[in-house]
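# Understanding the architecture of this molecule
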Amino acid sequence: MTQMTGSLLLEFSDPAAVEASLTGGKGASLSRLTQGGFTVPPGIIVPASAYRIFLASVEGVEEELAALRPLDAAALHEQCAPIRARLVAHPLPPELEEALHGRLPALLGEGSVSVRSSATLEDLAGAAFAGQHDTYLNVAGVEEIIASVRRCWASLWEDRAVRYRYERGFGVAEAAMAVVVQRMVASEVAGVAFSMNPVSGDIGEVVVNSAFGLGETVVSGEGGIDQFIVSKESGEVLQRVIGTKTHALLSNPAGIERVELPGERRDAPSLSDDELARLAELALRVERFYAFPQDLEWALAGGELYLLQSRPVTEFPARWTRDESAERFPNPVTPLTWDFTTEGFHESLADSLAMLGYPPFNGRWFERLDGYVYGNQTAVQLFTAGLQVRFDSLDELAAKKDEWAERYRWVQELPVTWARDLDRYLLALGRFASVDLTALDDEALWRHLLAVDTLGREYFRPNIAISITQGVLHRTLFALVAQLVGREGAPVLYDSLTCFCDTKTNLVNADLYRLYLIARADPELQWLLTQVDRRDLWESGPLARFPTFGAAFRRFLENHGHREVDFDAYVPTWSGQPWTVLENLRLMLLQGEISDPAAREVELRGRQSQAERDYLSALPAELRNFGAELVRLTRAYTGLDDLEHYQTTRLSIPFRAALVEVGRRLVRRRVIVQPEDVFFLRKYTLTALMEGGDDPAAAEEARREKAAYDAARATTPPRVHGEEPAPAGDALRDGVGQRAERPDERHPPAHPRGQEQRDQAGHRGQPEHVREVQGHAASIRK
C-alpha cells in the first residue's frame, strides 16, 4: 500500500489549506475566511492527497474508472454503482484513521459536525459542482464521521457527477475529493445572503433570506422564508417579505429534528433590524475580502453571527444595454462577422478574467440582438469595478501595496510578452497577404480562412485583460489622487497626470495633419477636396495632378490603410475605400486653420511633467515608488490598449479578402447573389457549405439576414434592449455625424469611432477611452 506523506489533516488555520488543489473549493474558501479573521465554525480538512492514497489502495478500481462510458447513461449507471459500493466498504489508510481518531473528539465536544464534499475541480473552467456530491449534517460519532468521509469520496462517482465532469472537459484522472469536517452550529436563525441582487442584477443591494433553525430550510427551499433587501450605500431596508414559517429544523444530540412553530412565530420576522444590519455588513466585508459579490451561508447562535460558507455569485441576469457597445459598434453587425468574432472574444474573456483573479463567467459579455451589439451591463459593472485593488485610506494602501505588487506582477510583465508575441502575429499576417487566393481550391481556401481566424484568436487572447487592466489602473490612480488632494481637486490633478500618452492614434493624427497641410497649401487641391464628391474624386483621377499629395496619401494608406471604417469585416478598411480618408480631410479643411498636434503635445507634456512632480511630492515616502509605478503603468496601458486595437484591425484585410473569395465561389454555385452576401450567412451554414456540400436553406438564410440587416440600419436601437427603437431618420450616425453605409452604396462614412477627426478638431490627441475615463471623473467622485 502507498504510504501517506505530508499532512494527514489540515486545520482551517493551516496556510496550506487555502490551496484548492489540496482542499477543494469549499475547504479552501473556509480556510481563507478563517485566516481572514471571519467568525467561521472550527473544522478540519481531509485533503485530496488522502483521497488519492485511499483510491490507490482499492485494487483494480483505477482500471474500472478508466473504462467508464459517460455518454451511455445505462452503462454508466451499471459501472458506477459497484465502484461506489467498493469505496464505501473499503477501510481508510491506517495512518489517516488514526489521525481522525486523535482529532475528532475535540472537534465534536458535546455537539456534532457536518461532513461535506469539497471537490478539487470546484470553481474551475466555469464548472458549478454545487449539489453534485454528498453532504452529511449532524454527524455525532467518530466512526459515523469516518463512514461519511468514505461516502463523500464515493459520491465523486455518482453517475451525474461523472457525466457533468465529462461534459465540461475534465478527465477521469483529474477528479479528486477533499472532505471538510466542521462543527455544527445549533442556530436559532440561519440562511443565505447575497452581496448583490441575484434576481435583478443590482450590485447596490444585499439580499438576505432567513428562517428559524438551521439554514437547510432556506437552502433546500422546503419551507417558508423571510426575504430582506438592503441598500449597500445607505443601509436602508428596501424590501421586507415575511413568509409563513410553519416549522424549523433544529440540531440536537439525537440528530436533526423538525419542530412545528407556534402560531405567533409563524408570521414573525426571523431577524431583527439590528441582526439584519449585522448581516448586511458581513456580506459587504466578505465581498470586499474576495473582491467580488458573494453568496454566503450564515447562522446566528447565542448572539454570535457565524459565516458557514462563501462562494462567488456566478449566475446573475444579463441587462443588455448599448452603454458599453454603442461607441465600439455603432452600426448593425452582419451575422458571419459576429459568429467569428464572438467566439474569439469570449475565449479571450475567459483567459483574461482568470488572469485578473476573477471567478469564471458563464454568460455572455456582448450579444448581437436585432442586428446590433449589446453589452451585458451587469457583467461589465462586476468585472471592471476594480474591487481587487480598492482602498479607503493611504494607510490601507501602504499595508496592501506589497501584496498587490506580488499578486499582480503580471501587470508589469504583460506589455513585454505582448510585444514579443506581436512579431509572430505580424509576420503571419505578411504570409497570409502573399497568398494568391484565386489559386487555392475550395478546401485549401477554407483552411486558409480558418488559419486567419486561429491567428486572430491567438493574438487577441490577452487583449481583454489589457483593456480591463487599463480601466482599473485609471480608477486606482484617480482614487489615490483623491486621497492626496480631496475628491473635489482630484479631477484636475488626475487629468493633468493622464493628459498625454504615446499612442498609435497620435501618430495617425500627425500623419493626417501632414496631409491636411499639403492640401491647404494648394488652393486647387483644397477646392477639389471640399467641393467634389470624395469617391468620384478618387475614382475619376484628378488627384493625379498633385504628385506631392499623391505620394504622401499612398504612404498614409500603406501605413494605416488597415484602419477600420466599421468594426464589421463586411465594410472595407481605409485601403478598400480611400475616399473615407479624403472625407476626414474635407472636414478638417472646412474648419480652417487647425493647430499643429506636435505643438499641443509639447504643451501637454509640460503640464504632465509638472503635475507628476506635484503628485510625487504629495505622496508619503513609503508610497512614492508605488505611486510612480502606478502612473507609469496607467500611461503604458493606455498606449498598449490603443496599440492592440490598431494592430487587431490588421486582421480585417486578410480575413475579409478570404471571405469575399469564398463569396465569389458561392455566387458561382448560385447560393448568394454577390460575393459580399457571404457575410449574411451564419458560420455553421458556411462551414456546412465549405465542408459538406450544398445546403438548400443557405440562399434563403442569406436573403433573410440581409433584409434584417437593412431593416436594422433603418432604426436607432434602444439603449436598453426590449425598449422601443427610435424611428428611422436618426439611425446609424457615425463619430463625425455621417450615416454609415453598406459596401455597395456610394459614400461610406469617415471612421465610425471618429477618433482621428475628433482629435484634429481640438481634443488632446488621446484615444477615446482616456477621454472617457476623464469624462467620467465626476461620476467616479460620487
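Let me begin by describing the structure that accompanies this report. (Residues numbered from 1 in each chain as written. Predicted model: local features only at pLDDT ≥ 70, side-chain atom pairs only at ≥ 80, totals over all residues. Heavy atoms only, no water.)

For the chain, the count of helices and strands is 30 helices and 16 strands. With respect to the principal axes defined by its C-alpha atoms, the chain has extents near 100 × 65 × 55 Å. Of the roughly 33400 Å² of accessible surface on the chain, 52% is carried by carbon and sulfur atoms. Both charge centroids of the chain, one from 84 positive and one from 113 negative side chains, sit 4 Å from each other. (Helix = DSSP H or I, 4+ residues; strand = E, 2+ residues; numbered from the N terminus. Areas by Shrake-Rupley, 256 points an atom, 1.4 Å probe, with all protein chains shown as cover. Lys, Arg positive; Asp, Glu negative; His and termini not counted. Charge placed at Lys NZ, Arg CZ, Asp CG, Glu CD.)

It is worth spelling out the packing of aromatic side chains at this point. What the rule picks out here adds up to 28 aromatic pairs. Ring geometry for Phe329 and Trp338: centres 6.2 Å apart, planes at 90 degrees, overall edge-to-face. Judged by relative accessible area, Phe329 falls into the buried class, the value being 8%. Each member of the aromatic cluster is reached from another via a ring pair, and the members are Phe292, Phe316, Tyr358, Phe361, Trp365 and Phe383. The ring of Trp157 is capped by Arg165, whose NZ or CZ atom sits 4.8 Å from the centre of that ring. Stacked on the ring of Tyr374, the Lys or Arg Arg322 has its end atom at 5.9 Å from the ring centre. (Phe/Tyr/Trp six-rings, centres within 6.5 Å; stacked < 30°, edge-to-face > 60°. Buried < 20%, exposed > 50% of the residue type's maximum accessible area, 1.4 Å probe, protein only. Lys NZ or Arg CZ within 6 Å of the ring centre and 35° of its normal.)

Another point: the sheet that holds strand β1 (residues 10–11). Strand order in this open sheet of 5 strands is β1-β2-β5-β3-β4, and the pairing throughout is antiparallel. Looking at which strands have only one partner, the edges of the open sheet turn out to be β1 and β4 (135–139). With respect to the sheet, helix α1 (residues 20–35) is in contact with β1, β2 (43–46), β3 (113–119) and β5 (177–183), its orientation differing from that of β3 by roughly 125 degrees. (Pairing = 2+ DSSP bridges. Contact = heavy atoms within 4.5 Å. Axes fitted to C-alpha atoms, helices over the stretch in contact; angles between N-to-C directions.)

Running from amino to carboxyl end, helix α4 (residues 73–89) crosses helix α7 (residues 159–167) at an angle of 115 degrees, the nearest separation of the two axes being 9 Å. Listed contacts from α7 to Leu76, His77, Cys80 and Arg84 of α4 are Asp159, Val162 and Arg163. Here the residues of the contact of α4 with α7 sort into 3 nonpolar, 1 polar and 3 charged. (Nonpolar A, V, L, I, M, F, W, Y, C, P; charged D, E, K, R; others polar.)

This brings us to the sheet that holds strand β14 (residues 320–321). Pairing is antiparallel in the open sheet, where 3 strands are placed in the order β14-β16-β15. Among the strands making up the open sheet, the edge pair consists of β14 and β15 (366–369). Across 2 bridges, β14 lies against strand β16 (residues 372–376) in antiparallel orientation. Across the sheet, residue Thr321 finds its bridge partner in β16, namely Gly375. The strands that helix α12 (residues 377–384) touches are β14 and β16; relative to β16, the one it contacts most, it runs at about 50 degrees.

Remember that the coordinates give geometry; whether it matters functionally is a separate question.
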